[in-house]
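Commentary on secondary and tertiary structure
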Amino acid sequence: MADALLEVRNLSVDFHTAHGTVHAVRKVGWSVNRGETLAILGESGSGKSVSASAVMNLLDMPPARIVSGEILFEGRDLLKTSAEERRALNGKRIAMIFQDPLGHLNPVYSVGWQIVEMMTAHGRPADAARARALELIARVGLPEPERAMHKYPHQFSGGQRQRLMIAMALMLKPDILIADEPTTALDVTIQAEVLALLKELQAETGMGLVLITHDLGVVAEIADRVVVMSDGEIVEAGTAGDVYHRPHHPYTRKLIGAAPGKGEIRRPDDSSPVLLEIKDLCKTYGHVPALKNVSLALHKGQSLAVVGESGSGKSTLARTVLRLETADSGEALWKGKDLIAMNARDLLSVRRQIQMVFQDPTQSLNPRMSVYQIISEGWDIHRLVPDRAARRKRVAELLEQVGLLPEHAQRYPHQFSGGQRQRIAIARALALEPELIICDEAVSALDVSIQAQVIALLDSLRRRLGISFLFIAHDLGVVRDFADTVVVMKSGEIVESGPTGEIFEDPQQPYTQRLLAANLDPDPDVQAQRRLSASAPA
Amino acid sequence: MTDLTLPKSSQSGARGGIAALLAMLWRDKVALVSALVLLVIVICALIGPTLLGDLATDQNLRGRNSPPFDLERGWAFVLGGDSLGRPMLARLVVAARSTMMVAAGAVACALLIGAALGLVAGYLGKGVSQVIMRLADVIMSFPSLLIAVVVLYVLGPSVPNMILVLAITRIPIYLRTTRAEVLEVRERMFVQAAVVMGARPGRIILRHILPVVAPTLVTIATLDFAFVMLAESALSFLGIGIQPPDITWGLMVSQGRPYLTSAWWLAFWPGLMIVITTLSLNLLSNWMRIALDPAQRWRLEARSTTNG
């Protein structure tokens, strides 16, 4: 280990906050060598990004303070070198890419200018920089590199922007590339492409790659070694295969156990009556069709999953059914009555029966209302449960039902974690005793272990209360565990639909097959097998 | 990380009400002092004219422009005397009433009308919004002092007319700010969640949008307070505002202007009062913004009582 290119030893970082000192990371150590990929795996709040930020000198100090430890790059302790020397290293020898490429590209400059600046800032001549930028833009697989240079960040898609970020990071041929959740914001198929690109580039340049992620599938796909972090400490370290198959620490076991896509596939029972039937629904934004003749049927007590990549129209579908958007044509029959043509009074009574859980609970809960107010708002609107004591009791019951405590009712949303907030949103939906809950990416913003808990909660609600679910997701693993029927959408059209078993075991359409193939399995061996079989026929 | 805030703030939710607010005010000493200053000014405005009304209008030509901090002529002359030998202290106290009435009245009217129109323009459809916004443009395209001069000339100068005129000229500021914020807030997820639950527009506007917009409006209103006081003095200076012997701080400033080189205190004390009032309002509104925001409240609750 002594000859590692980059080594973090015994690093402890504290954050000073109004509530006293928080130990963000404690005695963390890891190392990475040329040509090697190290994954730092952890859930939000585990401190997985902190050590990488310390390497890049990106920590805001204060509130952060490095208490102990050293960061050795080629044997030199970075924490003892001057700010100027570190600036010279950053970008040139150690580069970094981020989760949200749009946030890290300046919207007012063309991407070409920004990539070239990366080199000129380190004192290289502009014409050489331009040539290298062109070469790299072509290398990361963007069409028409010459024209791409003159475009602005908003003119690229999310995956293309991440490619641009990678190109920018590689301009000066760094020895180490740190990637902080590089594919989290991307669709599965794009994620697979970006990971493949990173691997290719690593093989070409021999750089060391440090990948920070919460996704076991990403680890299985790309990492040689992995360190698992929890609560600021490294709980487990080893090769990717070892950690997956022989986890020692209970946290690692829990994390692996929570990975979706391993449960029994459910067989739908079509005997129950149809609750919601959508017929030939169409919707266009300007000239862009968002929904093209979408038809589906949801039976009572079942869950129907709508799967697709971003821009496939799956959220538009939910919003149109809920009349948050107006449809151009088509019908959505709720127990035989058309929701699209319904008048305001009928709609109000239906609003009680159909509830929605949104993707991001941080945004879908009013920050200025207490949990009690949030949950009881539906009763105010529909003039239900007028008695205050009865209300209090019912709110307490609902909170217990979703796994929270009755005394949480007096708190405000910001005092809860993401998973708890989503539980509050579910309790709000349950308050009106709906027959259908529409979940728009309801678990995609949550950590894996919390995701598993929320899914289990939704499943038990379905079984106990007979609630139906329209479940919109991009994560196929979650869908496999939860849905009876799956509908696959692409650019506003239904590509394929059928019982979950059929879709997963015997997909007919090439798009569905591609989607399934791009979905990463948490088992490194399975991933390796897939890579082999994918490259064999080519 | 968020769980760390749980123990402390949860208590305040249960305690609730005015007691909790007062406790938070006690912890922020700057805001506490501001609140006390404002309280004193309000009391002056309420009972000052009854107690000191005669004293403030009593001319004493031997005491013309008598310097401040001289107790020879009695306590009333501690801040000096004005150009007709009337005690400055008494006049300041008496002037508090008209000043506060005009400023608070104009700001409150402009705030209420502007915010209401802004909420409607922002939340309801395009047609209503167009009408309201063009009205605002019409008001804004006139120089505000010109409207004031015309209206006051026609209606005759009086306190209610002053309030009316100043309110009308300030409405577009609240209207535009509110509308801009509403356009952003209405797209937020929790508003959509309320729509899905079946909430009517009135409920969404009042329960979900207004609380988010309110802090901005309160901040603008406190800044506007000083502006309105000075605008009022400008009108009084032109002779179409408050008429002597009635008196306001703004009018006192403009009356003291010719004597700036010989008797600075004539303009200085009323000017200082305007500064103190607006400063206190600003500090208090700053505190209120934090105290009324559940996500920020811990900043005040976490504070120890010794901390200023």
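Residues numbered from 1 in each chain as written. Chains lettered and ligands numbered in written order. Predicted model: local features only at pLDDT ≥ 70, side-chain atom pairs only at ≥ 80, totals over all residues. Heavy atoms only, no water.

Before going further, it helps to examine the sheet that holds strand 18 (residues 468-473) of chain A. All names here are of chain A. Strand order in the open sheet made by the six strands is 16-17-18-13-19-20, with mixed pairing throughout. Each of the sheet's edge strands pairs with one partner strand only, and the pair in question is strand 16 (354-357) and strand 20 (493-499). Taken pair by pair, the neighbouring strands of this sheet meet at an average axis angle of 15°, ignoring direction. Bridging between strand 16 and strand 17 (residues 436-440) involves four bridges; their strand directions are parallel. Paired with Q355 across the two strands is I437, which belongs to strand 17. Contacting strand 16 and strand 17, helix 13 (residues 344-353) runs over the sheet at an angle of about 55° to strand 16. Along the sheet, helix 17 (residues 418-431) makes contact with strand 16 and strand 17, crossing strand 16 at roughly 175°. (Pairing = 2+ DSSP bridges. Helix = DSSP H or I, 4+ residues; strand = E, 2+ residues; numbered from the N terminus. Axes fitted to C-alpha atoms, helices over the stretch in contact; angles between N-to-C directions. Contact = heavy atoms within 4.5 Å.)

Residue and element names in this part refer to chain A. Not every positive phi belongs to a glycine, and K173 is a case in point at roughly 50°. Of the residues examined, K173 reaches a relative accessible area of 57% and is grouped as exposed. The phi torsion at E441 lies on the positive side, around 50°, for a residue other than glycine. Within the element layout of this structure, E441 appears in the loop between strand 17 and helix 18 (448-465). Overall, the relative accessible area of 9% leaves E441 in the buried class. (Buried < 20%, exposed > 50% of the residue type's maximum accessible area, 1.4 Å probe, protein only.)

Each partner contributes to the interface: chain B provides 31 residues, whereas chain A provides 37 residues. With both sides pooled, the region where chain B packs onto chain A buries about 3,300 Å², and carbon together with sulfur makes up 60% of that total. Connecting chain B to chain A are three salt bridges. One can count 10 residue pairs in polar contact (both at pLDDT 80 or more) joining chain B with chain A. (Buried area = accessible area lost by both parts, 1.4 Å probe. Salt bridge = Lys/Arg side-chain N within 4 Å of Asp/Glu carboxyl O. Polar contact = N/O pair within 3.5 Å; in protein donor to acceptor, adjacent residues only side chain to side chain.)

Below, the discussion takes up a nonpolar patch on the surface. Residue and element names in this part refer to chain B. Residues V138, F142, L146, V150, Y153, V154, L155, L164 and I168 make up a contiguous nonpolar surface patch of roughly 900 Å² in combined accessible area. Those elements that place two or more of their residues in the nonpolar patch are helix 6 (144-155) and helix 7 (159-185). Top contributing element to the nonpolar patch by residue count: helix 6, with five residues. Mapped onto the elements of the fold, L146 is located in helix 6. (Patch = residues over 30% accessible without salt bridge, like charges linked within 9 Å, V, L, I, M, F, W, Y side chains within 5 Å. Areas by Shrake-Rupley, 256 points an atom, 1.4 Å probe, with all protein chains shown as cover.)

Strand pairing within a sheet occurs via backbone hydrogen bonds; the two strands may be parallel or antiparallel. Residue and element names in this part refer to chain A. If you walk across this open sheet you meet the six strands as 6-7-8-3-9-10, and the pairing is mixed. Because the sheet does not close on itself, it has two edges, and the strands there are strand 6 (94-97) and strand 10 (233-239). With direction set aside, neighbouring strand axes in the sheet form an average angle of 15°. Pairing between strand 6 and strand 7 (residues 176-180): four bridges, direction parallel. Directly across from I97, in strand 7, lies its bridge partner A179. Here helix 11 (residues 250-258) sits on the sheet in contact with strand 3 (37-41), strand 9 (225-230) and strand 10, set at roughly 105° to strand 9.

Further remarks concern the domain arrangement of chain A. Residue and element names in this part refer to chain A. Segmenting chain A into domains produces domain 1 (6-93 + 173-258), domain 2 (107-171) and domain 3 (274-521). Domain 1 and domain 3 are separated by 35 Å when their C-alpha centres are compared. The interface of domain 1 with domain 3 comprises 15 residues on the first partner and 12 residues on the second. Counting the surface lost from both domain 1 and domain 3, the interface buries some 1,400 Å², and carbon and sulfur atoms represent 57% of this. Contact with domain 3 buries surface across domain 1, with D187, V188 and T189 losing the most and accounting together for 39% of the total. Run the count over domain 1 and domain 3 and you get zero residue pairs in polar contact (both at pLDDT 80 or more). (Domains from an automatic or database assignment.)

Bringing the UniProt feature "transmembrane region" (unreviewed entry) in chain B into the picture now. All names here are of chain B. Per the UniProt annotation, the sites labelled "transmembrane region" (unreviewed entry) are residues 30-52, 101-125, 145-169, 209-242 and 262-284. The span residues 145-169 is 88% helical and 0% strand by assignment, and the distance between its end C-alpha atoms comes to 8 Å. Between the end C-alpha atoms of residues 209-242 there is a gap of 38 Å, over a span that is 85% helix and 0% strand. (UniProt positions renumbered as here; feature names shortened; annotations may be inferred.)

As a further point, take the pairing of strand 7 of chain A. Of all the five residues making up strand 7 of chain A, five are buried; the element is thus mostly covered by neighbouring parts of the structure. For the segment spanning strand 7 of chain A, helix 8 (residues 188-205) of chain A and strand 8 (residues 208-213) of chain A, crossover handedness is right-handed. (Right-handed = clockwise from strand over helix to strand, strands pointing away.)

The next thing to look at is empty space enclosed by the protein. Residue and element names in this part refer to chain A. Enumeration over the complete set of coordinates arrives at six cavities of 30 Å³ or more. A volume near 60 Å³ is recorded for the largest cavity. Around the largest cavity sit L41, L216, V219, A220, V226, A240, V243, Y244, P522 and P524, which together line it. Counting residues per element, the ones that place at least two in the lining of the largest cavity are helix 9 (216-222) and helix 10 (240-245). Taken together, the residues of the lining of the largest cavity sort by class into 10 nonpolar, no polar and no charged. By volume, the second largest cavity amounts to about 50 Å³. What lines the second largest cavity is simply V321, L322, R323, L339, L347, V350, R351 and I354. Looking at the lining of the second largest cavity, the element that brings in the most residues is helix 13, giving three residues. (1 Å grid on protein atoms, 1.4 Å probe; cavity = no way out; pocket = protein on both sides within 12 Å on 5 of 7 lines; lining within 4 Å. Points joined across faces, edges and corners; volume = space filled by probe spheres on them. Nonpolar A, V, L, I, M, F, W, Y, C, P; charged D, E, K, R; others polar.)

Feature annotation in UniProt places "domain: ABC transporter" (unreviewed entry) on residues 8-256 and 276-516 of chain A, given in this structure's numbering. Secondary structure content for residues 276-516 of chain A is 41% helix and 26% strand, while the C-alpha to C-alpha distance between its ends is 27 Å.

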